[in-house]
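Structure at a glance
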Amino acid sequence: MFENLSERLSGVFDRLTKQGALSEEDVATALREVRVALLEADVSLPVARDFVKVVQEKATGQAVTKSITPGQQVVKIVHDALIDVLKGEGEPGALKIDNPPAPILMVGLQGSGKTTTTAKLAKRLKDRDGKRVLMASLDVNRPAAMEQLAILGAQIGVDTLPIVKGEDPVAIAKRAKTQAGLGGYDVYMLDTAGRLHIDAELIAQAAAVRDVANPRETLLVVDGLTGQDAVNVATEFDDKIGVSGVVLTRMDGDGRGGAALSMRAVTGKPIKYVGLGEKMDAIETFEPERIAGRILG
Ligand code: GDP
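Residues numbered from 1 in each chain as written. Predicted model: local features only at pLDDT ≥ 70, side-chain atom pairs only at ≥ 80, totals over all residues. Heavy atoms only, no water.

Let's talk about the overall build of the protein chain
Put simply, the test is: For the purposes of this entry, the term helix denotes a DSSP run of H or I that reaches at least four residues, the term strand denotes a run of E that reaches at least two, and both are numbered from the N terminus. Think of it in three bands: residues with accessible area under 20% of the maximum for their type are buried, residues over 50% are exposed, and the middle band is partly exposed, with areas taken using a 1.4 Å probe on protein chains only. Between two residues, a contact is recorded if the distance between any of their heavy atoms is within 4.5 Å. Using the Shrake-Rupley algorithm and a 1.4 Å probe, accessible areas are obtained, with residue cover drawn only from the displayed protein chains. Note on charges: Lys and Arg go in the positive column, Asp and Glu in the negative column, and His and the chain ends are not counted at all. Taken as the charge location is NZ of Lys, CZ of Arg, CG of Asp or CD of Glu.
In terms of regular secondary structure, the protein chain is built from eleven helices and eight strands. The 297 residues of the protein chain split such that 50% are buried. For the protein chain, long-range pairs separated by at least 24 residues make up 76% of all intrachain contacts whose partners lie at least 6 apart in sequence. Of the roughly 13,700 Å² of accessible surface on the protein chain, a fraction of 50% belongs to carbon and sulfur atoms. A gap of 2 Å separates the mean positions of the 37 positive and 41 negative side-chain charges of the protein chain.

So, in structure tokens, the structure goes:
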């Protein structure tokens with residue numbers, strides 16, 4: 001569907017192979033192609049523009065190596081610069097969950113994959129790290145969402161906090177904390193209510209829960225296919241609630257992963273995990289190399 005960036009660039013550079021260094025004009029020509037590739041990969045315009053500027057500074061005047069073509073060389077510079085932006089600090093996917101029971105707050109819009117991601121992460125913590133995990137749904141307006149978490153919990157062998165009708169989210173969070181302490185759990189995950197759009201009530205509720213739970217991690221789940229919207233959602237959640245990391249879902253879809261670059265460039269928040277399907281094992285730590293390769297095509 002998309003023309004590979006390396007192929008595009010090699011066309012641009014065919015005539016340049018005899019020159020000794022990348023000139024400003026050569027680089028500018030190549031970077032027009034890079035910018036188009038980034039936009040096709042759903043990177044937002046200002047981010048693409050800034051990124052191209054950085055690459056331009058790095059590439060101009062660089063000696064052309066004999067072993068690779070100038071096109072390949074620019075691709076490598078672009079690839080390395082993508083990794084620089086995409087990678088966060090520390091171990092990919094690392095969560096602060098020492099000091100049991102460690103609360104993890106899950107936030108995001110309805111339909112982003114929040115409940116599914118909560119269960120996927122719980123399963124991963126149980127299977128890979130041998131953690132005892134308790135999950136609790138705080139979505140009191142949508143009983144179906146509460147039941148969905150209970151069903152997923154039963155399916156993956158992770159306990160969920162029993163549902164008590166009429167309880168508000170803060171009371172549920174307090175009960176989860178008590179239960180996690182008494183039950184000897186390592187981690188308890190609070191799956192907050194999602195809505196279709198961010199509104200004052202959603203934020204107030206998440207903030208109230210945050211204040212009683214004092215989470216070690218606040219993970220924002222966003223749909224990786226929504227591009228610039230995903231970045232706007234992240235900026236707003238981070239401003240209002242404070243986010244420690246992002247999980248990008250639906251990265252198994254057709255998207256080219258540009259949301260990841262915009263997300264990092266705009267919010268600076270680490271992307272900790274990516275969701276790669278509906279199954280409970282379809283989650284992986286975020287690997288900058290893989291996304292860079294996908295953006296470049
Ligand atoms: P919530 O409203 O944010 O809690 O969203 P759900 O967890 O209920 O997920 C909504 C739909 O998206 C469900 O059908 C999930 O199976 C699906 N889903 C969640 N994560 C992914 C993912 O990474 N890839 C794909 N293809 N589907 C996903």
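Re the packing of helix α2 (residues 24–40) against helix α3 (residues 45–59)
The condition that has to hold: For helices, the fitted axis covers only the stretch in contact; all axes are lines through C-alpha atoms, and the angles between them, taken along N-to-C directions, range from 0 to 180 degrees. Roughly parallel covers angles under 35 degrees, roughly antiparallel covers those over 145, roughly perpendicular covers 65 to 115, and oblique covers all other angles. In this scheme the handedness of a crossing depends on how the near helix is turned from the far one: anticlockwise by less than a right angle means left-handed, clockwise means right-handed. Polar here means any residue outside two lists: the nonpolar Ala, Val, Leu, Ile, Met, Phe, Trp, Tyr, Cys and Pro, and the charged Asp, Glu, Lys and Arg; Gly therefore counts as polar.
Where α2 meets α3, the axes come as close as 10 Å, and the angle between the chain directions of the two elements is 150°. For the element pair α2 / α3, the angle class is roughly antiparallel. Viewed along their axes, α2 and α3 form a crossing whose handedness is right-handed. Contacts between α2 and α3 involve V27, A28, L31, V34, R35, L38 and L39 from the first element and L45, A48, R49, F51, V52, V55, Q56 and A59 from the second. Of the residues assigned to the contact of α2 with α3, the class counts are twelve nonpolar, one polar and two charged.

As for the site of the ligand
Spelled out, the test is: In this text, near means that some heavy atom of the residue lies within 4 Å of the molecule or strand in question. Two N or O atoms form a polar contact when they lie within 3.5 Å of each other; inside protein one atom must be a possible hydrogen donor and the other a possible acceptor, and for residues adjacent in sequence the pair counts only when both atoms belong to side chains. Both site types are read off a 1 Å grid over the protein atoms alone. A 1.4 Å probe that fits but cannot get out defines a cavity, while an open set with protein on both sides within 12 Å along at least five of seven lines defines a pocket; lining residues have an atom within 4 Å of a point. Each molecule is checked against the cavity or pocket grid, and it sits inside if more than half of its atoms lie within 2 Å of the grid points.
Inspection of the region around the ligand gives 18 residues, with G111, K114, T116, R250 and D252 positioned closest. Within the contact set of the ligand, an oxygen atom lies 3.2 Å away from a side-chain nitrogen or oxygen of Q148. Out of a free accessible area of 590 Å², the ligand has 82% covered by protein chains. With respect to the detected pockets, the ligand is housed in the largest pocket.

A closer look at unusual backbone geometry
Here the residue pair P100 and P101 is connected by a cis peptide bond, since its omega of -5° sits within 30 degrees of zero. Following the sequence through the fold, P101 ends up in the loop between α4 (70–86) and β1 (102–108). Even without glycine at this site, D42 takes up a positive phi of about 75°. Looking at the secondary structure, you find D42 in the loop between α2 and α3. Despite not being glycine, N214 shows a phi value in the positive range, around 50°.

Quick notes on the nonpolar core
Across soluble globular proteins, nonpolar side chains have a tendency to be buried as a group. Put simply, the test is: By convention a nonpolar core is built from buried Ala, Val, Leu, Ile, Met, Phe, Trp, Tyr and Cys residues, the set being connected through side-chain atoms within 4.5 Å.
The biggest cluster of nonpolar side chains holds 67 residues, and the ones touching the most others in it are L38, L82, L190, F237 and L248. Examining the composition of this core, we find that eight residues originate from one element, α4, more than from any other.

Some thoughts on the pairing of strand β6 (residues 245–249)
Under the convention used in this document: Here, strands pair whenever DSSP counts at least two bridges between them. Seen with its strands pointing away from the viewer, a crossover is right-handed when the path leading from the first strand over the helix to the second is clockwise.
The buried count for β6 comes to five of five residues, which makes it a mostly enclosed element. Side chains G245, V247 and T249 project from β6 onto one buried face, and the interleaved V246 and L248 project onto a second face that is buried too. Pairing of strand β5 (residues 217–223) with β6 involves five bridges; the strand directions are parallel. Across the sheet, the residue bridging to D223 is T249, located in β6. Since β5 and β6 lie parallel, the crossover through helix α9 (residues 228–240) that links them has a hand, and here it is right-handed.

Side note on the layout of surface pockets
Here is the rule we go by: Grid points are joined across faces, edges and corners, and a volume is the space filled by probe spheres set on the points.
There is about 390 Å³ of room inside the largest pocket. If you trace the largest pocket, you find 22 residues lining it, with G111, S112, G113, T116 and R250 closest to the centre. Secondary-structure elements contributing two or more residues to the lining of the largest pocket are α5 (114–129) and α6 (143–156). Top contributing element to the lining of the largest pocket by residue count: α5, with five residues. Looking at the lining of the largest pocket residue by residue, the class counts come to four nonpolar, twelve polar and six charged.

With respect to α9
What counts, and what does not: Helix span, expected: 1.5 Å multiplied by one less than the number of residues in the helix. Taken from the helix axis, the directions to the C-beta atoms give the arc we talk about.
End to end, α9 covers 19 Å across 13 residues, agreeing with the expected 18 Å (1.5 Å per residue, within 8%). All buried positions along α9 are accounted for by A230, V231, V233, A234 and F237. Axial view of α9: buried residues confined to an arc of 160°, hence all on one face. Those residues of α9 that are buried are in contact with β1, α8 (200–213), β5 and α10 (258–267). Phi turns positive one or two residues past the end of α9, at G242, with a value near 90°.

Some details on the UniProt feature "domain: SRP54-type proteins GTP-binding" (unreviewed entry) in the protein chain
For clarity, the cut-off: UniProt positions are given in the numbering used here, feature names are shortened, and annotations may be inferred rather than shown by experiment.
Sequence positions flagged by UniProt for "domain: SRP54-type proteins GTP-binding" (unreviewed entry) are, in local numbering, residues 270–283. Secondary structure content for residues 270–283 is 0% helix and 43% strand, while the C-alpha to C-alpha distance between its ends is 16 Å.

With respect to the pairing of β5
With seven of its seven residues buried, β5 lies for the most part within the structure. Residues of β5 alternate between two faces, with E217, L219, V221 and D223 on one and T218, L220 and V222 on the opposite face, all of them buried. Bridge analysis of β1 against β5 gives five bridges, and the strand direction is parallel. Along β5, the bridge assignment pairs M106 with L219.

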